[in-house]
Amino acid sequence: MDLTQERDPSVSEIYQKICDDIYAQGYSIIDNALPQALLQSLMNHIATLSSQEFKVAGTGRQDEHQVNQFVRRDEIHWLSEERECEREWFHWAQGLQTEINKRLMLGLFSYEAHMAHYEPGAFYKKHLDAFKGSRSRVLSTVLYLNPQWQSNYGGELVIYDEHNHDSELTRVSPMPGTLVVFLSEDFPHEVLPAREHRHSIAGWFRVNESVGNQIAPPQ
Ligand SMILES: O=C(O)CCC(=O)C(=O)O
Ligand SMILES: [Fe+2]
């Protein structure tokens, strides 16, 4: 089953819009970004994943992984190619990667993603997804999977100005099917506490950090 509907012109229009926005301002916010069937299947999937498949999220690189409850309070489940509907999300992201590389020549090489669950009251303090100059994570994506979200629930993503980290650029409410894409090294952002359970998929495109035939160490 191909839930991304490759031939659907609206998929390539969305890819184009993301490329245009990234080129113009470094970030993109798209409502109803996915084909309805794919969005529905991801929402069903996250709703049925058992709580055992979510782990408390940490901060820092994998080898210095720390759980810091003052920084973030979400639980995550890394996506894999093994489950069909997770594979469909990778497929959609692969299409975006191809388009971005063609249009913006960012040299995106791989994509990793996890589902995230924020309990009521959970948050993620202001942070960057990559250290400046590290080139590990180049482009971040966040897709929201909350079928019943209302604007008074809170839980907004706040994006800050790349040149003035105290100045708020915009707030995004985690409405179903809204997608945010931004340059990982440039835009500090935070997740405000919500009154309800909040679900999303966060993902990151990386460049190839391998030198010669040596494989880059895990991040
Ligand atoms: O869920 C969001 O809105 C953003 C999550 C985030 O910033 C992250 O996982 O790095
Ligand atoms: Fe982030």
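Residues numbered from 1 in each chain as written. Chains lettered and ligands numbered in written order. Predicted model: local features only at pLDDT ≥ 70, side-chain atom pairs only at ≥ 80, totals over all residues.

By the naming in an unreviewed UniProt entry, the chain goes by Oxidoreductase, 2OG-Fe(II) oxygenase family protein and is assigned to Bermanella marisrubri. Its UniProt record gives the chain a comment under Cofactor (unreviewed entry), which states: "L-ascorbate". (UniProt positions renumbered as here; feature names shortened; annotations may be inferred.)

A. Region of the structure containing the UniProt feature "domain: Fe2OG dioxygenase" (unreviewed entry) in the chain. As recorded in UniProt, the sites labelled "domain: Fe2OG dioxygenase" (unreviewed entry) are residues 109-207. A helix fraction of 0% and a strand fraction of 49% characterise residues 109-207, whose end C-alpha atoms lie 5 Å from each other. (Helix = DSSP H or I, 4+ residues; strand = E, 2+ residues; numbered from the N terminus.)

B. Inspection of the packing of helix H2 (residues 36-48) against helix H3 (residues 84-104) at higher detail. Contact geometry for H2 and H3: axes closest at 10 Å, N-to-C directions at 135°. With respect to H3, the element H2 is oriented oblique. Crossing of H2 against H3: the hand is left-handed. Taken together, the residues of H3 that come into contact with H2 (itself represented by Leu 38, Ser 41, Leu 42 and His 45) are Cys 85, Glu 88, Trp 89 and Trp 92. Across the contact of H2 with H3, the residue classes break down as 5 nonpolar, 2 polar and 1 charged. (Axes fitted to C-alpha atoms, helices over the stretch in contact; angles between N-to-C directions. Parallel < 35°, antiparallel > 145°, perpendicular 65-115°, else oblique. Left-handed = near helix turned anticlockwise from the far one by under 90°. Contact = placed C-beta atoms within 7 Å. Nonpolar A, V, L, I, M, F, W, Y, C, P; charged D, E, K, R; others polar.)

C. Seen up close, the site of ligand 1. Taken together, Ala 116, Tyr 124, Asp 129, Val 142, Leu 157, His 189, Val 191, Ser 200 and Ala 202 form the complete shell of residues around ligand 1. Of the residues assigned to the shell around ligand 1, the class counts are 6 nonpolar, 2 polar and 1 charged. (Near = placed C-beta within 6 Å.)

D. The arrangement of the sheet that holds strand S10 (residues 189-191) in detail. The strand order across the open sheet built from 4 strands is S5-S10-S7-S8, with neighbouring strands paired in antiparallel fashion. Each having just a single partner strand, strand S5 (124-127) and strand S8 (168-172) make up the two edges of the open sheet. Adjacent strand axes in the sheet meet at a mean angle of 15° when their direction is disregarded. (Pairing = 2+ DSSP bridges.)

E. Structural detail: the environment of Gly 203. In this fold, Gly 203 is placed in strand S11 (residues 198-207). Between the C-alpha atom of Gly 203 and that of Ala 113, which follows or precedes it by 90 residues, the distance is 3.9 Å. If we ignore the near neighbours within four places in the chain, the residues touching Gly 203 are Ala 93, Tyr 111, Glu 112, Ala 113 and Thr 141.

F. Summary view of the nonpolar core. Counting 45 residues, the largest nonpolar core has Trp 89, Val 181 and Ile 201 as its most contacted members. Taken together, the elements giving at least two residues each to this core come down to helix H1 (9-25), H2, H3, strand S4 (108-118), strand S6 (137-144), strand S7 (157-160), strand S9 (179-183) and S11. Sequence-distant contacts of Trp 89, that is, excluding residues within four places in its chain, are made with Leu 42, Leu 79, Ala 113 and Ile 201. (Core = buried A, V, L, I, M, F, W, Y, C linked by C-beta atoms within 7 Å. Buried ≥ 20, exposed ≤ 12 C-beta atoms within 10 Å, placed from the backbone.)

G. Representation of the pairing of S6. Burial analysis of S6 places 8 of its 8 residues in the buried class, which makes it a mostly covered element. Of the pairings in the sheet, the one linking S6 to S11 comprises 7 bridges and is antiparallel in character. For Ser 140, the partnering residue across the bridge sits in S11 and is Trp 204.

H. Region of interest: H3. Under the 1.5 Å per step criterion, the end-to-end length of H3 is 30 Å for 21 residues, consistent within 8% with the ideal 30 Å. Directly after H3, the chain includes Met 105, whose backbone phi takes a positive value near 50°. (Expected span 1.5 Å × (residues − 1).)

I. Expanded view of H2. When the terminal C-alpha atoms of H2 are compared, their 18 Å separation across 13 residues agrees well with the 18 Å that a helix rising 1.5 Å per residue should span. Looking at H2, one finds that the buried residues are Leu 38, Leu 39, Leu 42 and His 45. Here the buried residues of H2 occupy an arc of 130° about the axis, which is enough to place them on one side. For H2, the exposed residues set more than 90 degrees away from the buried face come down to Gln 36, Ala 47 and Thr 48. (Arc of directions from axis to C-beta.)

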